There are 2 protein chains.
Amino acid sequence: MKRMGLPVPPGFTLTTDLCTEYYRLHKQFPESYPDLLKQGIRAIEQETGAAFGSTEKPLLLSVRSGARVSMPGMMDTILNLGLNEQTTAALAKQSGDERFALDCHRRFVQMFGNVVLGIPHHLFEDQLDRVRDQQGVLEDKELTPASLRSVLAAYMAIVQDATGSPFPADVWTQLDLAIKAVFDSWQAPRAVTYRRLHDFPEDWGTAVNVQAMVFGNLGDDSATGVAFTRDPSTGANIFYGEYLENAQGEDVVAGIRTPHLLSLRQVEDNNASEDEAAMVLETRNPALYRQLMDLRTTLEQHYQDMQDIEFTVQSGKLYVLQTRSGKRTSRAAVAIAVAMVEEGICTVEQALLTIDPAQLDQLLHPILDPTVQLDVIGEGLPASPGAASGIIVTSADEAEMLEQQGKAVILFRPETSPEDIHGMHAARGIVTARGGMTSHAAVVARGMGRACICGMKNLQVDTESGRVIIGKTVLEAGELVTIDGSQGMLMRGEIPTIIPDLGGHFTTIMAWADQHRTVRLRANAETETDLKVANQFEAEGIGLARTEHMFFQADRINVVRKMILADSDAARASALAILLPHQQQDFETIFRHMEGLPVTVRLLDPPLHEFLPRGAAIAEIAPALDMTVPALTAAIDDLHEVNPMLGHRGCRLLLSYPAIVRMQVEAILRAMAVVHGELGTMPQVEIMIPLVADVEEFKQLQSVIAEVSQDIEGQLGMTLPHLVGTMIELPRAALTAAAIAQHAEFFSFGTNDLTQTTWGISRDDGARFLSQYVSRRLLSSDPFVTLDTEGVGRLIVWAVEAGRQTRADLKIGICGEHGGDPASVAFCVGQGLDYVSCSPYRLPIARLSAAQAAIRSKNPVATSPE
Amino acid sequence: MKRMGLPVPPGFTLTTDLCTEYYRLHKQFPESYPDLLKQGIRAIEQETGAAFGSTEKPLLLSVRSGARVSMPGMMDTILNLGLNEQTTAALAKQSGDERFALDCHRRFVQMFGNVVLGIPHHLFEDQLDRVRDQQGVLEDKELTPASLRSVLAAYMAIVQDATGSPFPADVWTQLDLAIKAVFDSWQAPRAVTYRRLHDFPEDWGTAVNVQAMVFGNLGDDSATGVAFTRDPSTGANIFYGEYLENAQGEDVVAGIRTPHLLSLRQVEDNNASEDEAAMVLETRNPALYRQLMDLRTTLEQHYQDMQDIEFTVQSGKLYVLQTRSGKRTSRAAVAIAVAMVEEGICTVEQALLTIDPAQLDQLLHPILDPTVQLDVIGEGLPASPGAASGIIVTSADEAEMLEQQGKAVILFRPETSPEDIHGMHAARGIVTARGGMTSHAAVVARGMGRACICGMKNLQVDTESGRVIIGKTVLEAGELVTIDGSQGMLMRGEIPTIIPDLGGHFTTIMAWADQHRTVRLRANAETETDLKVANQFEAEGIGLARTEHMFFQADRINVVRKMILADSDAARASALAILLPHQQQDFETIFRHMEGLPVTVRLLDPPLHEFLPRGAAIAEIAPALDMTVPALTAAIDDLHEVNPMLGHRGCRLLLSYPAIVRMQVEAILRAMAVVHGELGTMPQVEIMIPLVADVEEFKQLQSVIAEVSQDIEGQLGMTLPHLVGTMIELPRAALTAAAIAQHAEFFSFGTNDLTQTTWGISRDDGARFLSQYVSRRLLSSDPFVTLDTEGVGRLIVWAVEAGRQTRADLKIGICGEHGGDPASVAFCVGQGLDYVSCSPYRLPIARLSAAQAAIRSKNPVATSPE
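Presented here is a report on the structure given in the accompanying data block. Because the structure is predicted, anything quoted here is derived from the model rather than measured.

## Quick word on the overall build of chain A
No. 1: The helix and strand tally for chain A stands at 34 helices and 32 strands.
No. 2: Computed over its C-alpha atoms, the radius of gyration of chain A comes to 32 Å, within 12% of the 29 Å expected for a compact globule of 866 residues.
No. 3: Seen through its C-alpha atoms, chain A measures out along the principal axes to roughly 100 × 60 × 50 Å.
No. 4: Restricting to contacts in chain A with at least 6 residues of sequence separation, those with at least 24 account for 68%.
No. 5: For chain A, the exposed surface amounts to about 33,700 Å²; the carbon and sulfur share of it is 49%.
No. 6: Taking the average place of the 72 positive charges on the side chains of chain A and the average place of its 109 negative ones, the gap between the two points comes to 3 Å.

In structure tokens:
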């Protein structure tokens, strides 16, 4: 910004290289550091004419982090650095405002004490509250110099008490400690949590920006504010922000004072009160507003993206302190990307890269059914869109605990802080009593795609009892409520929801993505409902149709059980004969929906005991199976396995019961013939054999399929072309891919099981320690969410290479849940896979991720959205 | 042998290449085959002066398999080929012995009918029995030509009836079909089973030897016999064999007539009866005996190994039909190897290669406690050494079934055939009513290391009722008996056994092996008993001491349970404090036994629920844990896992409960100090972290170990040097070995778990389908027995390379059960591992395997023992 000629306070940057070096030296600075630091300060002194530590014209500094990616509220900032008794006196003299100087000193000691010295925030706040109460004032600016002096004295005592040493008066010591604190905060648990949740690597590190202070608290012609260049909720092209007069930056963000709006459009959109409207900057200070509007245009044109800026007005002069790509809702991201292209600010490729694919998930979240009459019991700011129901909790830990028990929760807090992040992540929705649209709660919730209402009126959150009180309405802990984050409304109970209309911007983005991506996208689906969603999101086929899902249907499960428990081949054959027409209908439904598109049908996979009743159900079901309870119990015990994941399932089961394969293949082929007859198009079928570890397993089943195929084709008098391939979901299949590819016509990586076996972790049991692992930094991300490229990925690379070497036209795809994860999709594109298959709701994410991967591979320096 | 100038009937060989080609062409011969065959026959005709199919001087052929490795009874042989009505008449005329000619024709039709045409043997035998009964004769040679003609007529009817066609009269058709039958028998289920049990690859194929017939059944100056050049049971340097006058080869092997002995030494060793002694060849025909003795020396000198030969005497002239390395007991193998070196017949290297390491296991089998008074109820030939107890079964299927249920069984059969192989493998011992020391049962049992008694006197096996009758003693099915295969004795009940004295030859072989092997050998052991065996077999350290084994001891298990169920850190700490001195003693014991040798201690590995009671035991144990039954049940349920193999265990558990690590490491270090004080030698300790999937897991635990180590070293005022390393037992650990080796000081491949996860097969559940897999030829060998070099091996190769590249002095070993498997040891030697660790009883096998691998790697053409 400095180079662009914008009004930035003078300063310098200690780069991320220094941060890396600092950690490499076990939190020590390199030898060259003191000199570099002095040079930097000297340059600021020259530009400002002030001197660091001077008792005449003291230079005050802000020390803030400058991480590669914005992490609001995560990294610590220290303002007003350089104050001690002498320099404060000098500042008072120089500004002619003793109250201002003392207020700065008070803020500095509090911030430094908390952030650098690790003294709990509330010790200072309690002290301040006490003095405010004594003085009978509400706002800090009403405090007299004498009161501020007594606050300061109390603060100094708190520091002495907590640390055993006096507050550091030497300004260079202050600077040194502050810089260290910024670097150290890179590894603070809350920063680590944030990176984990957003998948940012550890080794980026943070830079430190040291700048001359400008003061928004130098009187009523001073102010401070934050702004988004467009509405971060809707993406609308309006200037969107908040400011506070006579305040410093943290006052706006912390949500302690409720700030005022910048533009009249905001007033309109928020249905703001007349009092609020009177305070809008556009009206109150049109000249300043215009200056900001110019700044806004300049920055957007330059960075080719929507910006999140911080500004300060010192005695009428505007300074811009910081700019970065602004966080936004997915709705806004999509709208802004389209608008930026239309306005000629950026290219389609650039626009596509500004959208975080994972965030698109939000767009697909349900909204409240508009036909339902709502009984609204609480209202607040529509801080993050989406509707959510859950039970009331008032602490982050409780939210996390209940979520792990499978409960949907809504987290109510007076206000949120970085310490609440894990609970916000665990919650379906967040409600706060204080703070505005740019408060911590609002920014984080939008980033996470959680519904959020901020500043709910008359809300009291009693964290002791877990009770929530809105005016006269009392809601008990654990009571079920629904929130609408798009409208800022709270209702009792669970309100029905519907799938939102995705709108034109979304369609445009998807069309652009489809033009750019190089990989095909399929859906994992087999039910009518899922097939419809797959069609809606334009799946280019089905990558995984699980034939066993249909076995659980009420009208079939007992026939399936009879088949499993058959004590003779004849009994098994007769059960299979009953299942055949059902299975054929299943396949017809799939082939009809996917007219002409490829469909991968996986043959029966799970262990047989999964289909059998448990516990009390045994006695209920035995008669329907013509079995006695002891006989059924014995049969179930006989099928029991110690480690079913590693047991008699997949192709192992199919080899034991080839009659099942014959039935399923016959159903597939007959369905092909029927749908071909109806539509005139031959379904493109790929028959997939699961859990192959050795090529011999594949060969034997392939020959069973070939026999059935010859038989049915003969009966029907037509050829029914299909491929026969395999899941690569065991390490050994990947390691022996060359041998398997000699017979298999396609590979589909089943990354769920491949991750389980490569890591030796069962998803069913791993939750117990995996979440601990991620939070304790044992893992940078959950390998079941983001494909582990170092381990599982290496097997995939190996198998793709060996497979293609053996069979040049081998079709290769992925059908694990990783297919819906952006980083994993990028990996698959990089490996040249033919298609990625994911759950139908994640198709938009996969489409955009695939496009981004293709764009980045053409232009490796293309930046990430942030 | 032909080239050596030995008396071999003229013939030619269709090589294994032709067999491979035959299978490649889907059981068709290549175009060049008919001409080649004709050329071969013509050469025999020229040498013998007879003509194939001639009605004057007919050439008769034997067609037999010539596989790379002898598979007694496995491959089918056809004798007397070339006979039909006309050639039989010519043979009668030429030999002047019509009975002989008809006997040959009868034998040919029977053998061809069974082997080539697949007609059940018993159909022919029943017919023959009927005629014998009619004639009132016992031996075939007493049958008149007329009777033989009626037998032949009946045989022809049987063939017509069974196949719908007449018996092929054309001699070229006979030859063609016979050759095909030999090739086809390579894939007969019994051959496949044998290969599987002995780990011979499928692709070796078999050759076919076509030779002119010589006749042992041409009168009383003709004979046929088989012999071992040394005693295959003891290895004693005596000529050891059996012969039958006026008989053909199959009569001796099939065990239908009891053959006579060759040498007087045999008579002595067998305590043979006077009748038998009178028939010994050495006395009856000293000239022939001397000829055989010369042959014996020539063959041993040439092949540098003990030989198993077949010979025939036709009208007084000796022919040698076949020679091969003879099967032998491990005791014999060891004795012969030592003797051959002493006699200058072969080098130490060659001698070591003649011993099958897997067979050594036999030597280590227990023998009957000599102090126990035996009540012998049955006696027979000491066909295969060793003592065994088990319950009586009379069918191979039943033996296999009961063995799979964990029962020890002794298989009783009238005689055994290749169809019984699976039951013989499943049994601890085998007893037959018929057959001699070279019968099928004897040869196979020795090869498998099963105790065996052949030709038990007065034994009747009633396969219908499962009952066994010896004279007047009736033993019911399922009754417990003990057999001593070294002495040929059967006793009721279970007789106590002791470990045999291994003798000087064994020590010599082990010493030679140790001189040649390049890899170090350690034992997997932690109990006093196992440590003693490890010392006895000269383990060079402990490769795996499982610390949890000690947790199960009666005096500790409840403390362990209290530790697991502790609801506070304090409660856990107090339980651990009680365990500490016990663990310290455990380690002291290990370190004392392994004075100065390396000891790898694995920290706690299994999931905690393994230590908790189940079912009815819960109510019993709850009071001892100061818990109510519901509370204990709930705690156990809470620890339940769906797939414990992939659950909260190994380092995952240690990370959750670092207090366990601290206790175990403290116990190790304190034990080191104590033993150092006692012995003056510092124990060489390697602390091993189990189940690492990612280097971060390792790093965090390594730092816990470092803390404890610093603490204890400080307390004791001494340094206690130790390495910290990891198991490589998950695919991901192997794939990320480079990263792990940056921190780990050693790797130990835990091939049991590595096989489970690479294949996705739980050993607990895999039995259900793995045995099926091996028998259905889905797998050539069980990957839990012989290391899967294609899959698991690839991960090991990768990890060794990456590990050594990162850390040149990385110590690498293997501690899975594969450490005791010869092929797996050879693989480990090939990968340059520093040591192999196996169960203590398998150390001799590993020592010899390691030596053989080293010898073969120096001289890749060195042959296998067979």
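## Digging into the sheet that holds strand β19 (residues 459–462) of chain A
Strand-to-strand pairing in sheets goes through backbone hydrogen bonds, with the strands running parallel or antiparallel.
All names here are of chain A.
No. 1: If you trace the three strands from one edge of the open sheet to the other, you get β19-β20-β21, paired in antiparallel fashion. Sheet topology places β19 and β21 (473–475) at the edges, where each strand pairs with a single neighbour. Direction aside, neighbouring strands of the sheet carry axes that sit 15° apart on average.
No. 2: Looking at chain direction, strand β20 (residues 467–470) and β21 are connected through three bridges and run antiparallel. Paired with I469 across the strands is V474, a residue of β21.

## Topic: helix α26 (residues 658–679) of chain A
No. 1: For α26 of chain A, built from 22 residues, the straight-helix expectation of 32 Å at 1.5 Å per residue is met to within 8% by its first-to-last C-alpha distance of 31 Å.
No. 2: In the stretch just after α26 of chain A, G680 of chain A is the one whose phi turns positive, near 80°.

## Quick look at the side chain of R847 of chain A
All names here are of chain A.
No. 1: Within the secondary structure, R847 sits in helix α34 (residues 843–858).
No. 2: Classification of R847 by relative accessible area gives buried; the value is 3%.
No. 3: With sequence-adjacent residues up to four places away left out, R847 is seen in contact with M510, A513, D514, R517, L521, F537 and E538.

## Brief notes about the pattern of salt bridges
Residue and element names in this part refer to chain B.
No. 1: According to the stated counting rule, one finds 77 salt bridges over all chains in the structure shown.
No. 2: The residue K562 makes a salt bridge to D626 at a minimum N-O spacing of 4.0 Å. Of this pair, K562 sits in helix α21 (residues 557–565) while D626 sits in the loop between α23 (617–621) and α24 (629–639), and the two are 64 residues apart along the sequence.
No. 3: Here K562 falls in the partly exposed class, since its relative accessible area comes to 38%.
No. 4: Across the pair E588 and R592 runs a salt bridge, and its minimum N-O distance is 3.1 Å.

## Some points on the environment of G216 of chain A
No. 1: Within the secondary structure layout, G216 of chain A lies in the loop between β6 (206–212) and β7 (223–228).
No. 2: When the C-alpha positions of G216 of chain A and L318 of chain A are compared, they lie 9.7 Å apart, and in sequence the two are 102 residues distant.

## Some thoughts on the interface of chain B and chain A
By convention, interface size is frequently given as the accessible area that disappears when the constituent parts associate.
No. 1: Chain B puts 47 residues into the contact, and the matching count from chain A is 47 residues.
No. 2: With both sides pooled, the region where chain B packs onto chain A buries about 4,400 Å², and carbon together with sulfur makes up 55% of that total.
No. 3: Counting across the interface, chain B meets chain A through two salt bridges.
No. 4: The interface formed by chain B and chain A contains 18 residue pairs in polar contact (both at pLDDT 80 or more).
No. 5: If you tally residues by element for the side of chain B that touches chain A, the top one is helix α31 (residues 763–775) of chain B, at six residues.
No. 6: Here the residues of the side of chain B that touches chain A are counted per class, giving 19 nonpolar, 13 polar and 15 charged.

## Quick look at unusual backbone geometry
No. 1: The phi dihedral of N80 of chain A is positive, around 65°, even though this residue is not glycine.
No. 2: One non-glycine residue with positive phi stands out, namely K27 of chain B, at about 65°.

## Some words on the relation of the copies chain B and chain A
No. 1: Here chain B sits on chain A after a turn of 179° about the axis and a move of 0.1 Å along it, with an RMSD of 0.1 Å. In short, the pair behaves as if placed about a two-fold rotation axis. In terms of proximity to the rotation axis, the leading residue of chain B is N643 of chain B, whose C-alpha is 2.2 Å off the axis.
No. 2: Counting the interface residues of chain B, we find that 100% of their copies in chain A are interface residues as well, pointing to one common contact surface.

## Let's talk about the packing of aromatic side chains
No. 1: A full pass over the atoms with the stated rule returns 33 aromatic pairs over all chains.
No. 2: Where F100 of chain B meets F215 of chain B, the ring centres are 5.0 Å apart and the plane angle is 85°; that geometry is what we call edge-to-face. On the criterion of sequence distance, the pair formed by F100 of chain B in helix α4 (residues 98–115) and F215 of chain B in the loop between β6 (206–212) and β7 (223–228) is long-range, its members being 115 residues apart.
No. 3: F100 of chain B gets classed as buried once you look at its relative accessible area, which sits at 1%.
No. 4: For F215 of chain B, a relative accessible area of 8% corresponds to the buried category.
No. 5: One aromatic cluster is present, formed by Y22, Y23, F29, Y33 and F183 of chain A through successive ring pairs.
No. 6: Cation over ring: K317 of chain A sits above Y319 of chain A, and NZ or CZ is 4.6 Å from the ring centre.

## With respect to helix α14 (residues 330–342) of chain B
Residue and element names in this part refer to chain B.
No. 1: Here α14 contains 13 residues, and its C-alpha end-to-end distance of 18 Å stays within 8% of the 18 Å for a straight helix at 1.5 Å per residue.
No. 2: Most of α14 sits inside the fold, with 11 of its 13 residues counted as buried.
No. 3: What α14 keeps buried is the set S330, A332, A333, V334, A335, I336, A337, V338, A339, M340 and V341.
No. 4: For α14, the secondary structure elements touched by its buried residues are α13 (286–303), α15 (348–353) and α19 (503–516).
No. 5: Positive phi appears at G344, one or two residues downstream of α14, with a value of about 75°.

## A short note on the sheet that holds strand β23 (residues 489–492) of chain A
Residue and element names in this part refer to chain A.
No. 1: Read from one edge of the open sheet, eight strands run β13-β23-β22-β15-β16-β17-β18-β14, paired in mixed fashion. Two strands lie at the open edges of the sheet, namely β13 (376–379) and β14 (381–384), each paired on one side alone. Put simply, the sheet's adjacent strands are angled 30° from each other on average, direction ignored.
No. 2: Pairing geometry for strand β16 (residues 409–413) and strand β17 (residues 429–432), over four bridges, is parallel. Among the inter-strand pairings, L411 is bridged to a residue of β17, identified as I430.

## As for the pairing of strand β8 (residues 240–245) of chain A
Consecutive side chains along a regular strand alternate between the two faces of the sheet.
Residue and element names in this part refer to chain A.
No. 1: Along β8, six of the six residues are buried, which leaves the element largely enclosed by surrounding structure.
No. 2: Sheet topology note: the β7/β8 ladder contains six bridges and is antiparallel. By the bridge assignment for β8, F228 is matched with Y240.
No. 3: Note that β8 and strand β9 (residues 260–261) share two bridges and pair antiparallel. Looking across to β9, one finds that E242 is bridged to L261.

## A short note on the nonpolar core
No. 1: Within the largest apolar cluster, 289 residues are counted, with the highest numbers of intra-cluster contacts made by F591 and F749 of chain A together with F591 and F749 of chain B.
No. 2: Those residues within four positions of F749 of chain B in sequence are excluded, and the remaining contacts are I728, L754, I796, A799, V800, I812, G813, I814, C815, G816 and L833 of chain B.

## Description of the packing of helix α26 (residues 658–679) of chain B against helix α27 (residues 695–716) of chain B
All names here are of chain B.
No. 1: Orientation of α26 relative to α27, taken along the N-to-C sense of each, is 40°, at an axis distance of 9 Å. The angle between α26 and α27 falls in the class oblique. For the crossing formed where α26 meets α27, the hand is right-handed. Touching P658, V661, R662, V665, E666, L669, R670 and A673 of α26 are L701, V704, I705, E707, V708, S709, I712, Q715 and L716, all from α27.
No. 2: Residue classes in the contact of α26 with α27 are distributed as 11 nonpolar, two polar and four charged.

## Things to note about the environment of D765 of chain B
No. 1: In this fold, D765 of chain B is placed in helix α31.
No. 2: Residues in contact with D765 of chain B, not counting those within four places in the same chain, are E641, V642, N643, P644 and G647 of chain A.

Reading the values: the criteria
Residues numbered from 1 in each chain as written. Chains lettered and ligands numbered in written order. Predicted model: local features only at pLDDT ≥ 70, side-chain atom pairs only at ≥ 80, totals over all residues. Heavy atoms only, no water. Helix = DSSP H or I, 4+ residues; strand = E, 2+ residues; numbered from the N terminus. Rg over C-alpha atoms; globule rule 2.2 N^0.38 Å. Contact = heavy atoms within 4.5 Å. Areas by Shrake-Rupley, 256 points an atom, 1.4 Å probe, with all protein chains shown as cover. Lys, Arg positive; Asp, Glu negative; His and termini not counted. Charge placed at Lys NZ, Arg CZ, Asp CG, Glu CD. Pairing = 2+ DSSP bridges. Axes fitted to C-alpha atoms, helices over the stretch in contact; angles between N-to-C directions. Expected span 1.5 Å × (residues − 1). Buried < 20%, exposed > 50% of the residue type's maximum accessible area, 1.4 Å probe, protein only. Salt bridge = Lys/Arg side-chain N within 4 Å of Asp/Glu carboxyl O. Buried area = accessible area lost by both parts, 1.4 Å probe. Polar contact = N/O pair within 3.5 Å; in protein donor to acceptor, adjacent residues only side chain to side chain. Nonpolar A, V, L, I, M, F, W, Y, C, P; charged D, E, K, R; others polar. Least-squares fit on C-alpha atoms with pLDDT ≥ 70 in both. Phe/Tyr/Trp six-rings, centres within 6.5 Å; stacked < 30°, edge-to-face > 60°. Lys NZ or Arg CZ within 6 Å of the ring centre and 35° of its normal. Core = buried A, V, L, I, M, F, W, Y, C linked by side-chain atoms within 4.5 Å. Parallel < 35°, antiparallel > 145°, perpendicular 65-115°, else oblique. Left-handed = near helix turned anticlockwise from the far one by under 90°.

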